[in-house]
Every structure is written in C-alpha cells, then in structure tokens.
Amino acid sequence: MTKFFHLPASCSSAVLAALTITQTPFELEIVDLGNKSEAFEKANPLGKVPALLDDSGAAFEGGAINLWLAAKNPEAGLMPEFSSLEGREALKWLFFCYATIHPIWIRLFFPQRMAGEGDLAEVSALAEADLMKNYGILDEALQDHDFLAGDRMSLADLYVASTLHWEAKIDGRITRTYPRLAQLKQRVLDVPAVTKAFAGEIT
Ligand SMILES: N[C@@H](CCC(=O)N[C@@H](CS)C(=O)NCC(=O)O)C(=O)O
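Owing to the predicted nature of the structure, the values given are computational and were not obtained by experimental measurement. (Residues numbered from 1 in each chain as written. Predicted model: local features only at pLDDT ≥ 70, side-chain atom pairs only at ≥ 80, totals over all residues.)

Section: the domain arrangement of the chain
Phase 1 of the analysis: The domain boundaries assigned to the chain delineate domain 1 (3-76) and domain 2 (85-191).
Phase 2 of the analysis: Measuring from the centre of the C-alpha atoms in domain 1 to the corresponding centre in domain 2 gives 21 Å.
Phase 3 of the analysis: Counting only elements with at least two residues in the side of domain 1 that touches domain 2, the list comes to α1 (13-21) and α3 (62-72).
Phase 4 of the analysis: The element best represented in the side of domain 1 that touches domain 2 is α3, accounting for five residues.
Phase 5 of the analysis: Partitioned by chemical class, the residues of the side of domain 1 that touches domain 2 number seven nonpolar, four polar and no charged. (Domains from an automatic or database assignment. Helix = DSSP H or I, 4+ residues; strand = E, 2+ residues; numbered from the N terminus. Nonpolar A, V, L, I, M, F, W, Y, C, P; charged D, E, K, R; others polar.)

In structure tokens, the structure reads:
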C-alpha cells in the first residue's frame, strides 16, 4: 500500500485532502522532522512533506502529487480538463500558489534560513508584506465567481484554503483584509470529503 508522509496543518494537508477525496488507500506516517525515518528519507531526499512511497518508487512535490491524483481519478473532478479555459485558470492559480505563495510562507516561518546573521524581523516583515500583496491577487480573481477557476472547486482552491490556516502567524490579517478569501476557505472546508480529511488539523 502507498505510504503517505504527512505533517498535520502543513502543505501536505492539501495532499491528505486529495487522497481522501479520491478514496485512494494509504498508510499514514506522521513525520518527525527531528527524527526522520528511513522510509521518509527514501521517499523524499529533501526531507520535506508531502511524500509518497510505494513498490513502484517515491513521489514528492505536493502540486505534482495532487495533479497526478486528479488525472488518475477524473471522476473526483479535482481539476477541469487542462485544455479548457477553466483548466488554464486552475493550472495558473495552482502554480502561483506552489511556486510563488508557498515560498513566501517559508520566509515567514523560517526567517533564519533567509537572514543568516542578518535581521530576522526585517525578513519577516518583508515576507508578510509580500503575502498580503499576493493574496490580494487571489482575492481579485474571486470577484466574479465562487472558486478561482470558475464555479467548481479545483486543486488551487484546496491549496489556498489549507494555506490560510497559517495566517494565525500574522493574526488572521489575510482573511480580515480579504473577505472573499475567508468565504473561499469556508466553501472548501464545507466540501464533505475535505471536512473529513482536515478534521482537527485545518480550521
Ligand atoms: N515544494 C515543496 C515544499 C515542501 C515543504 O516545504 N514542506 C514543508 C512543510 S509545509 C516541510 O516539510 N518543511 C520542513 C523543512 O523545511 O525542514 C512542495 O510543495 O511539496
């Protein structure tokens, strides 16, 4: 059976949700970053969650895993047909989240990795300002429809909803500033399979 390496309330929560929605059987390993298991080291040489390991090999990078799960389980409707306009939008926002937004959170949570001997508070302040600018772009994208790529939830919405949990670090400033994002988060959390997957870890 596929082993899924996870840290509750981290970026691997979006993969947990996709595994649950697609009813993919998996065995859960909660990772201890301070004491990494041999299987986890094998699953991801970077030592980061999410990762999968099965008899065929290993997979890491949450966006890639989720796109693969979506393609393998089209009936789950996690992504629109890529060649459609909705598909282009969903891919655009998904890549925006993984490539642009997630690295900014890393700067906020681990400023020492960026600052070295420098000013941690300055790195954190710049990261927070960058987050506000980029979530503002997502907020604008929700002006005319309920989800980022139209009227149906896609992997991009799932990812945004799980990242918004981290805004506790900045006193909930994102959803206080951008109510459309608060609504999006609630819409995603209300999808029954998402509610089940996130139970107790994303609120
Ligand atoms: N690009 C990777 C990033 C993975 C990542 O940064 N995971 C974090 C949790 S959100 C982690 O495991 N951090 C541990 C560390 O950096 O030591 C992905 O999207 O899967």
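Further notes follow.
What to know about the sheet that holds strand β3 (residues 51-54)
Phase 1 of the analysis: The four strands are arranged β2-β1-β3-β4 in an open sheet whose pairing can be described as mixed. Lying at the two open borders of the sheet, with one neighbouring strand each, are β2 (27-30) and β4 (57-60). Within this sheet the neighbouring strands show an average axis-to-axis angle of 20 degrees, counted without direction.
Phase 2 of the analysis: Bridge count between strand β1 (residues 3-6) and β3: three bridges; the pairing is antiparallel. Bridging across to β3, K3 finds its partner in L53. (Pairing = 2+ DSSP bridges. Axes fitted to C-alpha atoms, helices over the stretch in contact; angles between N-to-C directions.)

A short note on the nonpolar core
Phase 1 of the analysis: A17, A18, L155, A156 and L158 are the most contacted members of the largest nonpolar core, which totals 52 residues.
Phase 2 of the analysis: Taken domain by domain, the makeup of this core includes at least three residues from each of domain 1 (3-76) and domain 2 (85-191).
Phase 3 of the analysis: If we skip the residues at most four places from it in the chain, A156 touches A90, W93, L94, C97, L148 and A149. (Core = buried A, V, L, I, M, F, W, Y, C linked by C-beta atoms within 7 Å. Buried ≥ 20, exposed ≤ 12 C-beta atoms within 10 Å, placed from the backbone. Contact = placed C-beta atoms within 7 Å.)

Description of helix α7 (residues 155-164)
Phase 1 of the analysis: Along α7, 10 of the 10 residues are buried, which leaves the element largely enclosed by surrounding structure.
Phase 2 of the analysis: Of the positions making up α7, those classed as buried are L155, A156, D157, L158, Y159, V160, A161, S162, T163 and L164.

Things to note about the environment of L46
Phase 1 of the analysis: In this fold, L46 is placed in the loop between α2 (38-43) and β3.
Phase 2 of the analysis: With 10 C-beta atoms packed within 10 Å, L46 lands in the exposed category.
Phase 3 of the analysis: On a C-alpha basis, the gap between L46 and F60 in space is 9.0 Å, while along the polypeptide they are 14 residues apart.

Some points on the environment of T24
Phase 1 of the analysis: Structurally, T24 is set in the loop between α1 and β2.
Phase 2 of the analysis: For the pair T24 and G62, spaced 38 residues apart in sequence, the C-alpha separation works out to 15 Å.
Phase 3 of the analysis: Residues within four places of T24 in sequence aside, it is in contact with L19 and L69.

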